[in-house]
Amino acid sequence: NPANPTPGKEVVAMGDALPPDRLPHALDQSSLLSALIESADGVNPTGITIRDMRQPDQPQIYVNRGFEQLTGYAAQEASGRNCRFLQGAEQEQDALPIVRKTLANGEACTVILRYYRKDGVPFWNELTLYPLVNKQSDLTHYVGVQHDISDFGYRCRRLVQAEKQATQEAMRQAQSVGLLNEMSRQLNSAISEQEVYQIAAWYTPQIIQADQVSIAL
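Residues numbered from 1 in each chain as written. Predicted model: local features only at pLDDT ≥ 70, side-chain atom pairs only at ≥ 80, totals over all residues. Heavy atoms only, no water.

Asks: How would you summarise the packing of aromatic side chains if you had to cite specific residues and measurements?
Replies: With the rule as written, the count across this model stands at two aromatic pairs. Each ring, one from Tyr73 and one from Phe85, has its centre 5.0 Å from the other, and the planes form 85 degrees; the classification is edge-to-face. Of this pair, Tyr73 sits in the loop between helix H2 (65–71) and helix H3 (75–78) while Phe85 is found in the loop between H3 and helix H4 (96–105), placing the two residues 12 residues apart along the sequence. Among the residues examined, Phe85 registers a relative accessible area of 17% and is labelled buried. Plain terms: the ring middles of Tyr115 and Phe123 are 6.1 Å apart, the flat faces sit at 90 degrees to each other, and that makes the pair edge-to-face. On the basis of relative accessible area, Tyr115 is assigned to the buried category, the value being 1%. (Phe/Tyr/Trp six-rings, centres within 6.5 Å; stacked < 30°, edge-to-face > 60°. Helix = DSSP H or I, 4+ residues; strand = E, 2+ residues; numbered from the N terminus. Buried < 20%, exposed > 50% of the residue type's maximum accessible area, 1.4 Å probe, protein only.)

Below is the structure:
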């Protein structure tokens, strides 16, 4: 899982294509699908898609039931289309250049993208892409493994927010301690009761983060 799922930005991992001994050298569609699904079982996927890199616009030629449940799109609606339609109007997400570079170089990567379900509800999708080659080592297909990490991303953002608030509170307390020490020093050197009230009236609002403090004389 990603460490910090800020919308559409973080690249979790990126590397070279899978080694040849791990790539299914399939001669036909059915053997390719069988090899893919069997290998994907080990990573506990939510959604599985296959893109044909030999066709114009690299359409999806297969989606599993997990993909249908994840996106709300039936297989008939998603097949034959490039998966970019799931990005809705957000076609310039920061992680997309990584995806394009990965596809162009025949590499593997994992990114986080904002996708949209059929009903328009957005979700954070952890997308992992794996290249598939034929016996001639030509790139022919890409498999995509997809997980909805929206809840994980929400928890991470809340944690970051809590840490920021804790840091701000610690800084405020440190500032208050400094102000208290300075007020104490000046009070010890005050030579009149009037001066004591003036010093207290000056420092107290800053220490307690108030707009003003009334001190009766």
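Having seen the structure, we can now continue with the description.
Asks: Break down the pattern of salt bridges for me, citing the residues and quoting the values.
Replies: Two side chains of opposite charge can pair, provided their charged atoms sit close to one another. Counted under the stated rule, the structure contains five salt bridges. As a salt-bridge pair, Arg84 and Asp57 come within 3.0 Å of each other at their nearest N and O atoms. Of this pair, Arg84 sits in the loop between H3 and H4 while Asp57 sits in the loop between strand S2 (47–52) and strand S3 (60–63), placing them 27 residues apart in sequence. Looking at Arg84, the relative accessible area reads 36%, which means it is partly exposed. What makes Asp57 partly exposed here is its relative accessible area of 45%. A salt bridge links Glu77 to Lys118, with the nearest nitrogen and oxygen atoms 2.6 Å apart. With Glu77 in helix H3 and Lys118 in the loop between strand S4 (108–116) and strand S5 (122–133), this pair connects stretches of sequence that are 41 residues apart. A relative accessible area of 29% places Glu77 in the partly exposed class. Taking the relative accessible area as the measure of exposure, Lys118 reaches 46% and is therefore partly exposed. (Salt bridge = Lys/Arg side-chain N within 4 Å of Asp/Glu carboxyl O.)

Asks: Can you lay out the pairing of S2 for me, pointing to particular residues and giving the numbers?
Replies: Burial runs high along S2: six of the six residues are buried. Every second residue of S2 is oriented toward a common face, with Gly47, Thr49 and Arg51 on one face and Ile48, Ile50 and Asp52 on the other, all of them buried. Sheet analysis places S2 next to strand S6 (residues 139–148), joined by six bridges and oriented antiparallel. Bridging from a neighbouring strand, Gly47 pairs with Gln146 of S6. Both S2 and S3 contribute to a ladder of three bridges, which runs antiparallel. (Pairing = 2+ DSSP bridges.)

Asks: Just give me the short version of unusual backbone geometry, but keep the residues and values in it.
Replies: For Asp57, which is not glycine, the phi dihedral falls at a positive 65 degrees. In this structure, Gln58 is a non-glycine residue whose phi angle is positive, near 50 degrees. Tracing the backbone through its elements, the reader meets Gln58 in the loop between S2 and S3. Accessibility expressed as a relative area gives 25% for Gln58, which makes it partly exposed.

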